[in-house]
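These are the residues of each chain, in order.
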Amino acid sequence: MGHTLDLLKLPAGWRTRFAPAPTGFLHLGHVVNAIYVWGMARAHDGRVVLRVEDHDQSRCRPEYERALLDDLDWLGFAPDEGPTDEYRAGANALRQSDNGWRYAAAITALELRGLVYTCQCSRGDIARVVGDRPNEEMRYPGTCRAAALAPDASLQRRVRLGDDPERFFDLLRGPQEQHPAAQCGDLLVRDRLGQWTYQFAVTVDDLDQRIDLVIRGEDLLASTGRQRALARLLGRRRPLHVMHHPLVRHADGAKLSKSAGDTGVRELRAQGDTAEAVIGRAAHAVGLQPTPAPCAAADVARFFA
Ligand code: GLU
């Protein structure tokens, strides 16, 4: 990329994370993300934290978690910090389901400042007010904001977001401006099952784990503005840099899913592909190299040097 650390504005010893959800097996899309995460870290002296994002307990399975750690190991991507070591040390702080006390403490701090409220609106209730257009995010219209419902009226909790636009610089996509108040409205931080939401858990983790650079697929770009707003409310002062990379798509343009048999790391392994072949194919699929030439995990820094 031709950038120096100085140009990237990252502090010495900066940290990024690989944060898969164990809701399925790893596929080529995850391999692309791993190439960007490890490639940037190894090319520019960063550290990689492996975080297991199992906040949605209704969809996560221990066998997927074991498989993802195993596939990552097979590919050759070794984190500098992560649950594998943490388990041995008897602490599991890098797995979201072990982090509930941190999310509870963070919400209490916001509650004390009057920034959290109970919400009992269903999707249908919200759709009746703002409409439900296919492929468009529904903005929460603030129905329960002033209702002062007791916490036991519903498990759902929302955080009040201000109206200010969020401006930030994406290392691949340049200057960005987002308007969380118009895009999503007050953020759901706890759902009707009492589970912490993705947006909340990730924001608390990125703060606690001192993450400096978030590297993820461009499908999550819209999450960045709201996560920045929430992080500020949680007291984040350390700058959070972001990089949203292209996704691997099927020929028809559809996003890959974890059930995609043709691109699953397990299937490719079973067919006899080498880790280098899988990484080379993933790098080619998003234009990091002109051909699917094999590439070892230890060599991915060259795409970002
Ligand atoms: N856990 C998310 C996923 O597997 C990634 C979240 C993030 O990078 O912020 O897609």
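Everything quoted here is computed from the prediction, not taken from an experiment.

*Asks:* Would you take a moment to explain the site of the ligand for this structure?
*Replies:* Taken together, the residues surrounding the ligand are Arg17, Ala19, Pro20, Ala21, Glu53, Tyr198, Arg216 and Leu220. Within the side chain of Arg17, an N or O atom sits 2.8 Å from an oxygen atom of the ligand. Here an oxygen atom of the ligand sits 2.8 Å away from a polar atom, N or O, in the side chain of Arg216. Burial of the ligand by the protein chains amounts to 77% of its free accessible area of 300 Å².

*Asks:* I would appreciate a short explanation of the sheet that holds strand β4 (residues 157–159) in the present structure.
*Replies:* Strand pairing within a sheet occurs via backbone hydrogen bonds; the two strands may be parallel or antiparallel. If you trace the 3 strands from one edge of the open sheet to the other, you get β3-β4-β7, paired in antiparallel fashion. Sheet topology places β3 (116–118) and β7 (187–190) at the edges, where each strand pairs with a single neighbour. Strand-to-strand twist across the sheet, computed as the mean angle between neighbouring axes with direction ignored, equals 40 degrees.

*Asks:* How should I be thinking about the environment of Gly131 in this particular structure?
*Replies:* With respect to the element layout, Gly131 can be found in the loop between α6 (123–130) and β4. Contacts of Gly131, omitting those with residues within four sequence positions, involve Ile126 and Met138.

*Asks:* Any chance you could explain the packing of helix α8 (residues 198–208) against helix α9 (residues 221–233) here in plain terms?
*Replies:* The angle between the axes and the distance between the axes are what describe a pair of packed helices. Interhelical geometry of α8 versus α9 gives an angle of 60 degrees and a closest axis separation of 10 Å. Classified by the angle between their axes, α8 and α9 sit oblique to one another. The hand of the α8/α9 crossing is right-handed. Side by side, α8 and α9 meet where Tyr198, Gln199, Phe200, Val202 and Thr203 of the first sit next to Ser223, Arg226, Gln227, Leu230 and Ala231 of the second. Of the residues belonging to the contact of α8 with α9, the class tally is 5 nonpolar, 4 polar and 1 charged.

*Asks:* Help me understand the pattern of salt bridges in this model?
*Replies:* Between side chains of opposite charge, pairing is possible as soon as their charged atoms come close. Within this structure, the stated rule accounts for 26 salt bridges. Notably, a salt bridge pairs Arg17 with Asp206, separated by 2.9 Å at the nearest N-O pair. Of this pair, Arg17 sits in strand β1 (residues 15–18) while Asp206 sits in helix α8, and the two are 189 residues apart along the sequence. Grouping residues by exposure puts Arg17 and Asp206 together as buried. Among the salt bridges present, the one from Arg95 reaches Glu65, with a minimum N-O distance of 3.0 Å. You can see Arg95 sitting in the loop between α4 (83–89) and α5 (100–112) and its partner Glu65 sitting in helix α3 (residues 62–75), a full 30 residues away along the chain. Through salt bridges with shared partners, a single network forms among Arg17, Arg51, Glu53, Asp205 and Asp206.

*Asks:* Before we go on, may I ask you to explain the pairing of strand β2 (residues 47–50) in this structure?
*Replies:* Pairing of β1 with β2 involves 4 bridges; the strand directions are parallel. Each residue of the ladder has a partner; that of Phe18, found in β2, is Leu50.

*Asks:* Where do I start with the packing of aromatic side chains in this structure?
*Replies:* The description of an aromatic ring pair rests on the distance of the ring centres and on the angle between the ring planes. In total, this model carries 8 aromatic pairs according to the counting rule given. Counting every residue linked through ring pairs, the aromatic cluster contains Phe18, Trp38 and Phe77. The ring of Tyr140 has Arg158 lying over it, and the distance from NZ or CZ to the ring centre is 3.6 Å. The ring of Trp196 has Arg190 sitting right over it, with the charged end atom 4.2 Å from the ring centre.

*Asks:* Teacher, can you tell me more about the state of the cysteines here?
*Replies:* As enumerated under the stated definition, the model contains 0 disulfides in all. The thiol of Cys184 is unpaired, and the distance to the nearest cysteine sulfur, on Cys119, comes to 13 Å. Cys184 gets classed as buried once you look at its relative accessible area, which sits at 7%.

*Asks:* What is the right way to read the nonpolar core from this model?
*Replies:* One broad trend across soluble globular proteins is that nonpolar side chains are buried collectively. Within the largest apolar cluster, 40 residues are counted, with the highest numbers of intra-cluster contacts made by Val31, Ile35, Trp38, Met40, Phe77 and Ile279. Of all the elements in the fold, those that place two or more residues in this core are α2 (28–43), β2, α3, β8 (213–217), α10 (265–270) and α11 (275–285). The biggest single contributor to this core is α2, with 10 residues. If we ignore the near neighbours within four places in the chain, the residues touching Phe77 are Ala34, Ile35, Trp38, Leu72, Ile279, Ala297 and Val300. Within the second largest apolar cluster, 18 residues are counted, among which are Leu161, Leu187, Phe200 and Ala201.

Criteria and thresholds
- Residues numbered from 1 in each chain as written.
- Predicted model: local features only at pLDDT ≥ 70, side-chain atom pairs only at ≥ 80, totals over all residues.
- Heavy atoms only, no water.
- Near = heavy atom within 4 Å.
- Polar contact = N/O pair within 3.5 Å; in protein donor to acceptor, adjacent residues only side chain to side chain.
- Areas by Shrake-Rupley, 256 points an atom, 1.4 Å probe, with all protein chains shown as cover.
- Pairing = 2+ DSSP bridges.
- Helix = DSSP H or I, 4+ residues; strand = E, 2+ residues; numbered from the N terminus.
- Axes fitted to C-alpha atoms, helices over the stretch in contact; angles between N-to-C directions.
- Contact = heavy atoms within 4.5 Å.
- Parallel < 35°, antiparallel > 145°, perpendicular 65-115°, else oblique.
- Left-handed = near helix turned anticlockwise from the far one by under 90°.
- Nonpolar A, V, L, I, M, F, W, Y, C, P; charged D, E, K, R; others polar.
- Salt bridge = Lys/Arg side-chain N within 4 Å of Asp/Glu carboxyl O.
- Buried < 20%, exposed > 50% of the residue type's maximum accessible area, 1.4 Å probe, protein only.
- Phe/Tyr/Trp six-rings, centres within 6.5 Å; stacked < 30°, edge-to-face > 60°.
- Lys NZ or Arg CZ within 6 Å of the ring centre and 35° of its normal.
- Disulfide = S-S within 2.5 Å.
- Core = buried A, V, L, I, M, F, W, Y, C linked by side-chain atoms within 4.5 Å.

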